[in-house]
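# Report on the structure
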Amino acid sequence: MILLTADVGISATSMLIEKTKETVKQEKISDPLELKKILKNHLVDLLKKIEHPLTITDSRPFVIMIVGVNGAGKTTTIGKLTKIFQSQKKQVLIAAGDTFRAAAVEQLSIWGERNNTQVIAQQNGDPSAVIFDAVNSAKSKNLDVVLADTAGRLPTQKNLIDEITKIKRVIGKCHSEAPQEVMLVIDANTGQNAINQLKIFNDALNVTGLIITKLDGTAKGGIVAAIAKDHPTPLRYVGVGEKIDDLRVFNAKEYVEAMIK
Ligand SMILES: Nc1nc2c(ncn2[C@@H]2O[C@H](COP(=O)(O)OP(=O)(O)OP(=O)(O)O)[C@@H](O)[C@H]2O)c(=O)[nH]1
Ligand SMILES: [Mg+2]
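Residues numbered from 1 in each chain as written. Chains lettered and ligands numbered in written order. Predicted model: local features only at pLDDT ≥ 70, side-chain atom pairs only at ≥ 80, totals over all residues. Heavy atoms only, no water.

### Here's the deal with the sheet that holds strand β7 (residues 235–239)
Here 8 strands make up an open sheet; going across it, the order is β3-β2-β4-β1-β5-β6-β7-β8 and the pairing mixed. If you trace the sheet from one side to the other, it starts and ends with β3 (119–120) and β8 (247–249), each paired once. Sheet topology note: the β7/β8 ladder contains 3 bridges and is antiparallel. Bridging from a neighbouring strand, Gly 239 pairs with Leu 247 of β8. Packing against the sheet, helix α6 (residues 127–140) makes contact with β1 (62–67), β2 (92–97), β3 and β4 (145–150), and its axis sits at approximately 165° to β2. Those strands touched by helix α8 (residues 193–205) are β1, β5 (181–187) and β6 (209–213), and its axis lies near 160° from that of β5. (Pairing = 2+ DSSP bridges. Helix = DSSP H or I, 4+ residues; strand = E, 2+ residues; numbered from the N terminus. Contact = heavy atoms within 4.5 Å. Axes fitted to C-alpha atoms, helices over the stretch in contact; angles between N-to-C directions.)

What follows is the structure, given as structure tokens:
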């Protein structure tokens, strides 16, 4: 029940129960209080599979494309990531690739100001063109990182999924290795639908990293266990609030401690 209500899902829950039973048998456990500890250890082992922090390589500019459904926390995460990268002495440029939502550029500009970072935007621009310009500009200035925001889109909106594959292709025209990271942002409240989001975005873009946001709310975030079991993808960071410092590097052990009290 603990696992299912935390969104771990049937498949990963069944596997964890089986593994727990095996351990109980092998180690001849008779104290019921030990069960939770054993279960937690198996969950940590599972989540370790996706505990892979992001490393920014020397392939300049290191372009990170941020994608996900509407309202997942993409733009906010860009603000938080900028601060983290700057603290690592990286020079960051932000590309306002959400040309769809009216207030998107303004929202990103506020994050740019907070971090004292340049935001490249164009009025009524095509998202591919905006990001292309930003990557070229970063290249000519020899900057370390480009964070490219994109508009929210649903896995069912085929035209918008096609559009984002085009954005990725165009980025590759300015720098053959770019985008070095395609980051999918998932709201922890999404539940099992997160797997579907991951599948569709992965088919279209080859997702290389994940961010799970809004873990400060009621969501327990067990969806990451389902991801680790059925669709293992490196989980880079977790969002724990709306403020600039509310982003943590994913750590399997800490995560499980927060998930199962
Ligand atoms: N509590 C909490 N709120 C968050 C977190 N991350 C983002 N938010 C909030 O979620 C809302 C949506 O965030 P955005 O960053 O605008 O999301 P988005 O994915 O860019 O949205 P679209 O561009 O409209 O698709 C905002 O109110 C954010 O403050 C988080 O980790 N915790
Ligand atoms: Mg946004």
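After that view of the structure, there is still more to cover.
### Some remarks on the nonpolar core
Residues Leu 43, Leu 47, Ile 64, Leu 81, Phe 85 and Leu 147 are the most contacted members of the largest nonpolar core, which totals 79 residues. Those residues in contact with Leu 147, other than ones at most four positions away along the chain, are Ile 64, Ile 66, Ile 78, Leu 81, Thr 82, Phe 85, Val 92, Leu 93, Ile 94 and Ala 95. (Core = buried A, V, L, I, M, F, W, Y, C linked by side-chain atoms within 4.5 Å. Buried < 20%, exposed > 50% of the residue type's maximum accessible area, 1.4 Å probe, protein only.)

### Description of the environment of Ala 104
Inspection of the secondary structure puts Ala 104 in helix α5 (residues 104–115). Since its relative accessible area comes to 2%, Ala 104 is described here as buried. With 29 residues separating them in the primary sequence, Ala 104 and Thr 75 have C-alpha atoms 8.2 Å apart.

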